[in-house]
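# Coordinates in review
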Amino acid sequence: ESGRTMATVNLRALTSWVGIARLSAVVLACLTFSLVASTGHFGGPYGTWCMFTWCFCFAVTLLVLLLELLELYPLLPLSWDDFTSAFSMLAALMVFTSSVVFPATFISSPCNSNQCARQAVATTASCLCFLAYAVEVSLTRARPGDISSFLSTVPGLLKVFEAYMACLIFSLLDRYSGEPGLMWCVAVYSLCFIFTLLIIIFTIGRCLTYIPCPLEKMLVGYNFLAVLMYLTATVLWPLYSFQGQSRPDPCGTDCWWNKHLGVTFLTIFNLIAYLVDLVYSTRMVFVRAP
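Parameters and conventions
- Residues numbered from 1 in each chain as written.
- Predicted model: local features only at pLDDT ≥ 70, side-chain atom pairs only at ≥ 80, totals over all residues.
- Heavy atoms only, no water.
- UniProt positions renumbered as here; feature names shortened; annotations may be inferred.
- Phe/Tyr/Trp six-rings, centres within 6.5 Å; stacked < 30°, edge-to-face > 60°.
- Helix = DSSP H or I, 4+ residues; strand = E, 2+ residues; numbered from the N terminus.
- Buried < 20%, exposed > 50% of the residue type's maximum accessible area, 1.4 Å probe, protein only.
- Lys NZ or Arg CZ within 6 Å of the ring centre and 35° of its normal.
- Expected span 1.5 Å × (residues − 1).
- Contact = heavy atoms within 4.5 Å.

- Under the annotation held in an unreviewed UniProt entry, the protein chain carries the name MYADM protein and is attributed to Phainopepla nitens.
- Under the heading Subcellular location (unreviewed entry), UniProt records this for the protein chain: "Membrane".
- Listed under Sequence similarities (unreviewed entry) in UniProt, the entry text for the protein chain is "Belongs to the MAL family."

## Considerations on the packing of aromatic side chains
- Applying the stated rule across the entire model yields 17 aromatic pairs.
- Taking the centre distance of 6.2 Å and the plane angle of 90° together, the rings of F87 and Y133 count as edge-to-face. Linking F87 in helix α4 (residues 80–106) with Y133 in helix α5 (residues 114–140), this pair joins segments that are 46 residues apart in sequence. As far as the burial class goes, F87 and Y133 line up, both buried.
- Here the aromatic residues Y189, F195, Y222, Y230, W237 and Y274 are joined through ring pairs into a cluster of three or more.
- A cation over an aromatic ring shows up here: R283 above the ring of Y280, its NZ or CZ 5.8 Å from the ring centre.

## Some remarks on helix α8 (residues 215–242)
- In a regular helix each residue adds 1.5 Å, so 28 residues correspond to 40 Å; α8 covers 40 Å between its end C-alpha atoms and thus fits that length.
- Immediately downstream of α8, the backbone of G244 shows phi near 75°, a positive value.

## Description of unusual backbone geometry
- Within the chain, E71 stands out as a residue other than glycine whose phi angle is a positive 55°.
- With respect to the secondary-structure elements, E71 resides in the loop between α3 (44–69) and α4.
- The backbone of R206 shows a phi angle near 55°, a positive value even though the residue is not glycine.
- Overall, R206 belongs to the exposed group, its relative accessible area being 52%.

## Observations regarding the UniProt feature "transmembrane region" (unreviewed entry) in the protein chain
- The positions UniProt marks with the feature "transmembrane region" (unreviewed entry) are residues 14–37, 49–67, 87–108, 120–139, 181–208, 220–240 and 260–280.
- Annotated as 96% helix and 0% strand, the span residues 14–37 places its first and last C-alpha atoms 28 Å apart.

## Brief notes about α5
- Between the first and last C-alpha of α5 there are 39 Å, a value that for 27 residues agrees with the 39 Å anticipated at 1.5 Å per step.
- Among the residues of α5, those classed as buried are C116, Q119, A122, T123, A125, S126, C129, A132, Y133, E136 and V137.
- For α5, the elements touching its buried residues are α2 (17–39), α3, α4 and α6 (154–172).

## So, the environment of Y280
- Positionally, Y280 belongs in helix α9 (residues 256–286).
- For the pair Y280 and L158, spaced 122 residues apart in sequence, the C-alpha to C-alpha distance is 10.0 Å.

Right under this line is the structure:
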């Protein structure tokens, strides 16, 4: 009679296939950062990033499980399906990156010490954690014709991918000031990242209805513009970065040449992502059943 709603326990949050995938991710992420912490060898920006990734994904996934178990998520002022879809995609990308960066940075050859063995097991657990998040993304992805949750559709998941690729590009940017061509590329990365991030935030915050224009057609127009902008960056970045400059010898981890090569490949990946996004968005708007 008081009008209060009591928290109920929903065991399906743990026993469904999605719940099992999340539980697996929690256990594997915990195992990974515990093993790495036990070695005491994770210093520097790359080690800090990997530890942050595993701890962040562990904490947020555990929180998601608790909120669904107690059925408290309807009280949050956000689109829960969009949030969980975006986070699982982001977690999969972050853990995949850490699963590649950590062994490449910290595991030495030959691997015959106790510390190296723990690092190898941690890397294996991290790879399995990535698979758990990938399974969650697959299970929660919207089926054809279902657009109730935008970020669970292919264009929505691609938005998360595009924003994450831009973050990786920003982490590798080096020696670009003074070159108009390179500064234009940085402007492309920044503008596309800002607009893509706003789309994700507005979708999760249920703010898209306040946009005074047809949203679906606006997304098609934005994706078309992003493809054109990234196409110019794909040409200009390697042209201005490597023209008349050979690879330094030696060229270590923080070598500018390696960073610029990484930006080149990430730019190509994002161009492909925006192109696929444009195709899917166009089909959703103009090629659908009445």
